[in-house]
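Tertiary structure, described
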Amino acid sequence: MVFKVGLLGLGTVGTGTAKILLDAARRHPLLETLEIHKVGVRSLDKPRAVDLPEACLTTDLEAIVTDPDIDIVVEVIGGLEPARSLILEAIEDGKHVVTANKAVISRYGNEIAEAAKKAGVYVLYEAAVGGGIPVIQPLQQALGVNRIETVTGIINGTTNYILTRMESEGGDFAPILDDAQKLGYAEADPTADVDGLDAADKIAILASIAFGGKIRREDVFTEGIRNVSASDVNYAKTLGFVIKLLAIAKRNDDSDTTIQLRVHPTLVPLNHPLASVNDVNNAVLVEGDPIGRVMLYGPGAGEGPTASAIVSDVMAIAATLHMESPAEEKLPNPLLSNAYSDYKTISPMEDLESRFYLRLMVKDKPGVIGHLGDIFGQHGLSLESLVQIGLQDNLAELVIVTHEVKEGDFQKALEILKASSADVDSIASVLRVLG
Ligand SMILES: NC(=O)C1=CN([C@@H]2O[C@H](COP(=O)(O)OP(=O)(O)OC[C@H]3O[C@@H](n4cnc5c(N)ncnc54)[C@H](OP(=O)(O)O)[C@@H]3O)[C@@H](O)[C@H]2O)C=CC1
Ligand SMILES: N[C@@H](CC=O)C(=O)O
Ligand code: NA
């Protein structure tokens with residue numbers, strides 16, 4: 001069974017989406033059931049970073065959303081129009097829709113949801129918030145049993161990238177914004193990022209899901225980062241804070257219907273979990289009852305991460321189509337069942353490479369360190385650092401960190417060390433070092 005995808009847009013996100021769909025190997029087997037049928041763009045002459053049959057490309061986007069062969073429409077052209085109308089037309093034509101368009105979903109999500117319900121199709125938008133981080137689906141499903149109290153997010157990659165570089169390099173945001181645009185993080189009009197509008201779109205979407213109600217987009221209090229200067233960033237640092245553009249949705253304690261909803265630059269204490277979310281990364285901190293705090297963290301923008309979210313939504317729809325197809329009727333949902341036929345081969349531990357931390361007590365006499373060095377050298381083991389920590393009862397405590405070495409070679413060297421009783425009194429501890 002093959003499901004056909006109509007892709008509207010082949011810019012940053014569209015290109016990433018096409019790359020995944022054209023290279024399904026070693027991904028979820030459902031991706032093998034998906035095929036790009038048509039791709040809608042504005043200009044046919046632009047060079048493209050993906051190889052698609054020329055006949056695939058068209059500037060006639062209406063023809064894609066009404067093409068009877070297409071099952072799923074992916075909208076990644078951005079902007080309000082014609083994106084909104086194309087989504088509605090696709091729905092009316094009985095197609096499922098996947099979109100990354102937070103501007104459209106935050107403003108017209110209710111109209112779109114009504115139309116989708118009437119037509120009996122799905123509209124999914126995981127890519128619209130937090131780029132590649134699964135945020136929408138966890139809020140709807142895995143965290144759905146919780147009574148959500150607060151959703152606090154760093155949900156604009158461009159401004160987080162700018163603020164992080166302002167903090168690490170000093171300087172104002174204009175030249176750094178140029179880099180964010182080149183990296184494909186920023187919106188076509190980066191005002192939406194810098195002035196907090198993009199984050200406001202996203203928190204409106206999250207609040208609606210977290211608190212189970214419609215949100216009027218214009219109700220989100222919004223302040224961007226334009227007025228945050230290099231001096232503010234520096235003073236904040238001196239006081240033990242970092243400045244982040246936070247989007248906050250909070251249920252008022254005494255109310256089931258009233259919530260707070262705002263986006264503004266905020267001084268975040270350095271020990272807060274959101275303080276270490278840097279560069280283009282986003283994070284959404286969810287506080288709920290009974291789960292407590294959960295933080296969803298990862299790349300919030302860019303070609304690959306955003307495409308990952310798009311294709312995961314397409315795959316979720318393919319799973320439902322798969323179950324509805326007459327040949328497969330009564331099969332379980334392929335996303336909820338694991339039926340693997342082959343075992344994976346696990347590499348033997350002795351072949352794995354890692355760095356090691358070693359603490360040992362050695363005799364305090366000349367030539368010991370040279371002898372240890374010989375043993376390590378014979379096993380291809382080079383040292384990153386060696387520190388003598390202290391001396392007591394004629395024993396010196398040495399702490400060693402090795403460079404990467406095969407586990408098997410390290411263990412052989414360790415056996416010889418243990419047996420070198422003339423030099424080594426005892427091995428106090430051996431730990432593996434990450435990275
Ligand atoms: N970039 C990112 O990191 C993220 C983006 N998003 C969202 O994804 C969507 C797409 O963003 P992005 O890929 O960055 O945008 P780009 O500007 O890179 O790409 C837009 C694409 O849509 C096509 N297009 C635009 N308008 C029309 C039109 N009227 N008719 C036909 N084709 C059109 C363009 O065609 P052509 O190539 O011919 O110019 C281009 O291929 C937006 O909604 C954005 O908010 C969400 C998360 C992250
Ligand atoms: N411009 C947005 C792109 C993803 O939504 C951002 O910078 O986060
Ligand atoms: Na996401």
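Computed from a predicted model, the values in this text were never measured in an experiment.

Calculation notes
- Residues numbered from 1 in each chain as written.
- Chains lettered and ligands numbered in written order.
- Predicted model: local features only at pLDDT ≥ 70, side-chain atom pairs only at ≥ 80, totals over all residues.
- Heavy atoms only, no water.
- UniProt positions renumbered as here; feature names shortened; annotations may be inferred.
- Helix = DSSP H or I, 4+ residues; strand = E, 2+ residues; numbered from the N terminus.
- Core = buried A, V, L, I, M, F, W, Y, C linked by side-chain atoms within 4.5 Å.
- Buried < 20%, exposed > 50% of the residue type's maximum accessible area, 1.4 Å probe, protein only.
- Domains from an automatic or database assignment.
- Contact = heavy atoms within 4.5 Å.
- Pairing = 2+ DSSP bridges.
- Axes fitted to C-alpha atoms, helices over the stretch in contact; angles between N-to-C directions.
- Salt bridge = Lys/Arg side-chain N within 4 Å of Asp/Glu carboxyl O.
- Donors = N, O, S within 2.8 Å, 3.2 Å for Na, K, Ca; no water.
- Near = heavy atom within 4 Å.
- Polar contact = N/O pair within 3.5 Å; in protein donor to acceptor, adjacent residues only side chain to side chain.
- Areas by Shrake-Rupley, 256 points an atom, 1.4 Å probe, with all protein chains shown as cover.
- Nonpolar A, V, L, I, M, F, W, Y, C, P; charged D, E, K, R; others polar.

**Brief notes about the UniProt feature "domain: ACT" (unreviewed entry) in the chain**
- Those places that UniProt annotates as "domain: ACT" (unreviewed entry) correspond, in this numbering, to residues 357–435.
- Helix makes up 30% of residues 357–435 and strand 47%. Its end C-alpha atoms lie 12 Å apart.

**As for the nonpolar core**
- Judged by nonpolar contacts, the single largest core of 67 residues is most densely connected at I203 and L206.
- It is helix 9 (residues 197–211) that provides the largest number of residues to this core, a total of 10 residues.
- Both domains that furnish three or more residues to this core are identified here as domain 1 (3–131 + 303–336) and domain 2 (136–299).
- Among residues more than four places away in sequence, those in contact with I203 are V151, I155, V220, A247, I248, A249, L261 and V263.
- L30, I36, C56 and V314 belong to the second-largest nonpolar core, a separate cluster that totals 35 residues.

**So, the sheet that holds strand 1 (residues 3–8)**
- Ordered by their spatial adjacency, 6 strands build an open sheet running 3-2-1-4-5-6, and the pairing between neighbours is parallel. Single-partner strands in this sheet number two, and they are strand 3 (57–58) and strand 6 (123–124).
- Strand direction decides the pairing type here: strand 1 and strand 4 (residues 72–75), joined by 4 bridges, are parallel. If you follow G6 over to strand 4, its bridge partner there is V73.
- Against the sheet, helix 11 (residues 303–324) engages strand 1, strand 2 (34–40), strand 4, strand 5 (96–99) and strand 6, with an angle of about 165° to strand 5.

**Remarks on the sheet that holds strand 12 (residues 292–299)**
- Pairing within the open sheet is mixed, and its 6 strands lie in the order 8-10-9-7-11-12. The two strands at the open ends of the sheet, each matched to only one other strand, are strand 8 (221–222) and strand 12.
- Bridge analysis of strand 8 against strand 10 (residues 259–269) gives 2 bridges, and the strand direction is parallel. Pairing of F221 across the sheet is with R262, part of strand 10.
- Running over the sheet, helix 6 (residues 157–169) touches strand 7 (147–154), strand 9 (241–251) and strand 11 (281–289) and is turned about 150° from strand 9.
- Packed on one face of the sheet, helix 10 (residues 230–238) meets strand 9 and strand 10 and runs near 85° to strand 9.

**Quick notes on the pattern of salt bridges**
- Within the structure shown, the criterion is met by 21 salt bridges.
- Put simply, E303 and K19 hold a salt bridge, and the shortest N to O gap is 2.7 Å. With E303 in helix 11 and K19 in helix 1 (residues 12–21), this pair connects stretches of sequence that are 284 residues apart.
- Here D289 and R147 are joined by a salt bridge, their closest N and O atoms 3.1 Å apart. On the criterion of sequence distance, the pair formed by D289 in strand 11 and R147 in strand 7 is long-range, its members being 142 residues apart.
- Using a relative accessible area of 54% as the deciding quantity, one classes R147 as exposed.
- Among the charged side chains, a salt-bridge network with shared partners connects K102, E187, D198 and K202.

**As for the coordination of the sodium ion (ligand 3)**
- Binding of the sodium ion (ligand 3) to the protein goes through E126 (O), E126 (OE), V129 (O), G131 (O) and I133 (O), at separations of 2.3 to 2.7 Å.
- Ordering the donors of the sodium ion (ligand 3) by residue number gives the pattern E-x2-V-x1-G-x1-I.
- Under the relative-accessibility criterion, G131 is labelled buried at 3%.

**Some words on the site of ligand 2**
- Every residue close to ligand 2 is listed here: K102, N156, G157, T158, Y185, A186, E187, D193, D198, K202, G300 and A301.
- At a separation of 2.5 Å, an oxygen atom of ligand 2 approaches a polar side-chain atom of K102.
- Contact between ligand 2 and N156: an oxygen atom at 3.5 Å from a side-chain N or O atom of the residue.
- Protein burial of ligand 2: of its 250 Å² of free accessible surface, 94% is covered by the chains.
- Those elements that place two or more of their residues in the shell around ligand 2 are helix 6 and helix 9.
- In the shell around ligand 2, the residues fall into 3 nonpolar, 4 polar and 5 charged.

**What about the domain arrangement of the chain?**
- For the chain, the assigned domains read domain 1 (3–131 + 303–336), domain 2 (136–299) and domain 3 (351–433).
- For domain 2 versus domain 3, the separation of C-alpha centres amounts to 47 Å.

**Things to note about unusual backbone geometry**
- A cis amide bond, omega 5°, links E81 with the succeeding residue P82.
- One can find P82 in the loop between strand 4 and helix 3 (83–92).
- The omega torsion across D289 and P290 is 10°, close enough to zero to call that bond cis.
- Of note, P290 is situated in the loop between strand 11 and strand 12.
- A positive phi is found at D279, a non-glycine position, where the angle reads about 60°.
- Tracing the backbone shows D279 in the loop between strand 10 and strand 11.
- You will see that N394, though not glycine, has its phi angle at about 65°, which is positive.
- Mapped onto the secondary structure, N394 falls in the loop between strand 14 (383–392) and strand 15 (395–402).
- Accessibility expressed as a relative area gives 60% for N394, which makes it exposed.

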